[in-house]
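Each chain, written out:
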Amino acid sequence: MINLVFFGPPGSGKGTQSELLQEAFNIIQISTGEILRHEIALKTPLGKEVEDIISRGDLVSDPLVAEVLKKALAEKMSQGNGFIFDGFPRNENQAKILEEILTSLNLELSLVINLKVKEEELIKRLLIRGEIEKRSDDNPETIKNRLKIYETESGSVINFYKNKLFELSGEGSPDEIFNRLSDTINKL
Ligand code: AMP
């Protein structure tokens, strides 16, 4: 069983790499952002509650997103060889919440991957994605806010995980990055 946290700024490729890993290693991806976007598309009460927050690029409250995570875990338990947490935790409190949830399920994190990409490249990628996917939060104003929040919160999360942290350059082609990642995971 392998349980991974994918950490990194918006646009670093967490989602892309999580999907590739899910396919190759049968580890189940849980993307809190994707779940929330799905709720918005379905116009559920949760979707309506988070729609404006996500459009502004702010973070959804910790208790709300923790509930989303718990529900996804319960649904996907025993479907694969472990979990990839993509986009959770986003701050130190969420990292503590994740520890509690995993402990209660008798699970343990194997590795925290920190994907590093320089800001100029992130902005470029997010603007291109905004045009293609029409995401409400991939526009210049919102991108600035999301990157600022990442800057503010990332240090404490990285410090929280310092014993499990694996830093990886997220620059280059998705295949190149995936090969580097697979080497690391194969060594676990
Ligand atoms: P993402 O797809 O991971 O970039 O997430 C898109 C948006 O969903 C974020 O900008 C937040 O508004 C919200 N979101 C996703 N995951 C979290 C989280 N762990 N905590 C708070 N908000 C989140």
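One can find the structure itself at the top, above this paragraph.
My aim in this report is to walk through the structure given alongside it, one point at a time. Everything quoted here is computed from the prediction, not taken from an experiment.

Some remarks on the pairing of strand S1 (residues 4-7)
- On S1, burial covers both faces: Leu4 and Phe6 on one face and Val5 and Phe7 on the other are all buried.
- Relative to strand S3 (residues 83-86), S1 runs parallel, the two being bridged by three bridges. Each residue of the ladder has a partner; that of Leu4, found in S3, is Ile84.
- Both S1 and strand S4 (residues 111-116) contribute to a ladder of four bridges, which runs parallel.

Topic: the sheet that holds S4
- Spatially, the five strands line up as an open sheet ordered S2-S3-S1-S4-S5, and their pairing is parallel. What marks the edges here is a single partner per strand, and that holds for strand S2 (28-31) and strand S5 (165-169). Each neighbouring strand pair of the sheet contributes to a mean axis angle of 20 degrees, computed without reference to strand direction.
- Sheet strands touched by helix H4 (residues 62-76): S2 and S3. Its angle to S2, the strand with the most contacts, is close to 160 degrees.

Looking at the side chain of Asn91
- Structurally, the position occupied by Asn91 is in the loop between S3 and helix H5 (92-104).
- A distance of 3.2 Å separates polar atoms of two side chains, one belonging to Asn91 and the other to Asp62.
- Among residues more than four places away in sequence, those in contact with Asn91 are Leu59, Asp62, Glu153 and Val157.

So, the packing of helix H2 (residues 32-41) against helix H3 (residues 45-56)
- Two numbers describe how H2 lies on H3: the axes approach to 8 Å, and their chain directions differ by 115 degrees. As summarised for this structure, H2 and H3 are arranged roughly perpendicular, according to the angle between their axes. Considering how the two elements wind past one another, H2 and H3 form a crossing that is left-handed. Of H3, the residues touching H2 (which contributes Leu36, Glu39 and Ile40) are Leu46, Gly47, Val50, Glu51 and Ile54.
- Looking at the contact of H2 with H3 residue by residue, the class counts come to five nonpolar, one polar and two charged.

Considerations on the packing of aromatic side chains
- In this structure the tally under the stated criterion is three aromatic pairs.
- On the numbers, 5.5 Å between centres and 35 degrees between planes, the contact of Phe7 with Tyr150 is tilted. One end of the pair, Phe7, is in strand S1; the other, Tyr150, is in helix H7 (residues 140-160), and 143 residues separate them in sequence.
- A relative accessible area of 4% means that Phe7 is categorised as buried.
- The exposure class assigned to Tyr150 is buried, which follows from its relative accessible area of 17%.

As for the environment of Val50
- Here Val50 is to be found in helix H3.
- Of the residues examined, Val50 reaches a relative accessible area of 0% and is grouped as buried.
- Along the sequence, Val50 and Val60 sit ten residues apart, while their C-alpha atoms lie 6.6 Å from each other.
- Filtering out sequence-adjacent residues up to four positions away, Val50 remains in contact with Leu36, Ile40, Val60 and Leu64.

Rules and cut-offs
- Residues numbered from 1 in each chain as written.
- Predicted model: local features only at pLDDT ≥ 70, side-chain atom pairs only at ≥ 80, totals over all residues.
- Heavy atoms only, no water.
- Buried < 20%, exposed > 50% of the residue type's maximum accessible area, 1.4 Å probe, protein only.
- Helix = DSSP H or I, 4+ residues; strand = E, 2+ residues; numbered from the N terminus.
- Pairing = 2+ DSSP bridges.
- Axes fitted to C-alpha atoms, helices over the stretch in contact; angles between N-to-C directions.
- Contact = heavy atoms within 4.5 Å.
- Polar contact = N/O pair within 3.5 Å; in protein donor to acceptor, adjacent residues only side chain to side chain.
- Parallel < 35°, antiparallel > 145°, perpendicular 65-115°, else oblique.
- Left-handed = near helix turned anticlockwise from the far one by under 90°.
- Nonpolar A, V, L, I, M, F, W, Y, C, P; charged D, E, K, R; others polar.
- Phe/Tyr/Trp six-rings, centres within 6.5 Å; stacked < 30°, edge-to-face > 60°.

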